[in-house]
Amino acid sequence: MGKLLIPIDFSEYSNTALNYACELAKDAGHSIDLIHVFSQHSNSYANVTGESPLIDPRVPEAKQNMEDLLNEYRTKFPGLSIEGLFKEGNLYDEIKAVTNATAYDAVVMGTQGSSGLEAVFIGSNTYDTIMNTTTPVLAIPDSAKTYKKNKIALLCNFKEAELTALAQAIPLFKVDYQLILIHVNASDRAIKDIDADFKNWINRIESELQIHDISYIIKPQTLFMGKKESVAQGITSVLIDEQVDILLLTKSKKSVFRQWTEGNVIKKLAFNIQIPTFFARVLIAK
């Protein structure tokens, strides 16, 4: 049985991600761990004397919120194993520590939220979390109220890391969906040559990963008017036009995703994710 880790801060955004993750876990046969990370702050009782440690009044409140949420979702999804973790510290550090200690198929998290989650998807923390975690991250926008996987898209540049990303996604999404491969023809190659690459690539996907319902789209570089800043918006338009349910991204040095991060596109994607987006884990050389 696989396992998912869901960071929660009791906001609407994290509740959306939790509901999505529960539906996904029910379909995939996974269990779920919820994690709430409480950031300690200095308080106004610093001058109080005595040996007893001070307890921030927000701690028992957060623990009660966790218990209430566990009871709610255990009732809503009977038969689904859901446990809770309560940590103190920095969200990114605690997620890293927990995922290093326990094997999770993915960290599923909302793209915005109050307190903890907000820190992950703003500024450099977005890049750090997605690029440096050894566990895949599935980012869920607030618009994703229900779990769907009829169409899953992969940004394709014919790199081995893309096959790795598909393999990492299989424990979550299995293989019963239409896979749409999207290639940006940045170097203006002849279409017949790209078609030949796709034929070989699809044969490999079918034989190695047993995914059989596959189509592909070739988009010219002119779609983005040669500006890196417009890539995220352009790709989002393609995904909406094709009615894609989930986007898969790789993070290898030669991947389309990695090339775009150089132009600050990842921050734009993090702020403007329109559909659930699966960021495959970083492959760390030993």
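See the structure above.
None of these values were measured; they are calculated from a predicted model.

K.L.:
A description of the nonpolar core should follow, citing residues and the corresponding values.
P.N.:
Grouped together as the largest cluster of nonpolar side chains are 51 residues, with contacts concentrated most on Leu-4, Ile-32, Leu-34, Phe-173, Leu-181 and Ile-205. In terms of residue count, the dominant contributor to this core is helix 1 (residues 12-28) (8 residues). Membership of the second largest hydrophobic core comes to 25 residues, among which are Leu-5, Ile-35, Met-109 and Ile-217.

K.L.:
Break down the pattern of salt bridges for me, citing the residues and quoting the values.
P.N.:
A full pass over the atoms with the stated rule returns 11 salt bridges. A salt bridge links Asp-27 to Lys-149, with the shortest nitrogen-to-oxygen separation between them at 3.3 Å. Here Asp-27, found in helix 1, pairs with Lys-149, found in the loop between strand 5 (137-140) and strand 6 (151-155); they are 122 residues apart in sequence, far enough to count as distant. Here Arg-189 makes a salt bridge to Asp-197, at a shortest N to O gap of 2.8 Å. Overall, Arg-189 belongs to the partly exposed group, its relative accessible area being 31%.

K.L.:
Give a detailed account of the environment of Lys-151, specifying residues and quantitative values.
P.N.:
Here Lys-151 is to be found in strand 6. Expressed as a C-alpha distance, the spacing of Lys-151 and Gln-178, which sit 27 residues apart in the sequence, is 4.8 Å. Beyond its immediate sequence surroundings of up to four residues, Lys-151 is in contact with Gln-178, Ile-180, Glu-242, Gln-243, Val-244, Asp-245 and Ile-246.

Cut-offs used in this document
- Residues numbered from 1 in each chain as written.
- Predicted model: local features only at pLDDT ≥ 70, side-chain atom pairs only at ≥ 80, totals over all residues.
- Heavy atoms only, no water.
- Core = buried A, V, L, I, M, F, W, Y, C linked by side-chain atoms within 4.5 Å.
- Buried < 20%, exposed > 50% of the residue type's maximum accessible area, 1.4 Å probe, protein only.
- Helix = DSSP H or I, 4+ residues; strand = E, 2+ residues; numbered from the N terminus.
- Salt bridge = Lys/Arg side-chain N within 4 Å of Asp/Glu carboxyl O.
- Contact = heavy atoms within 4.5 Å.

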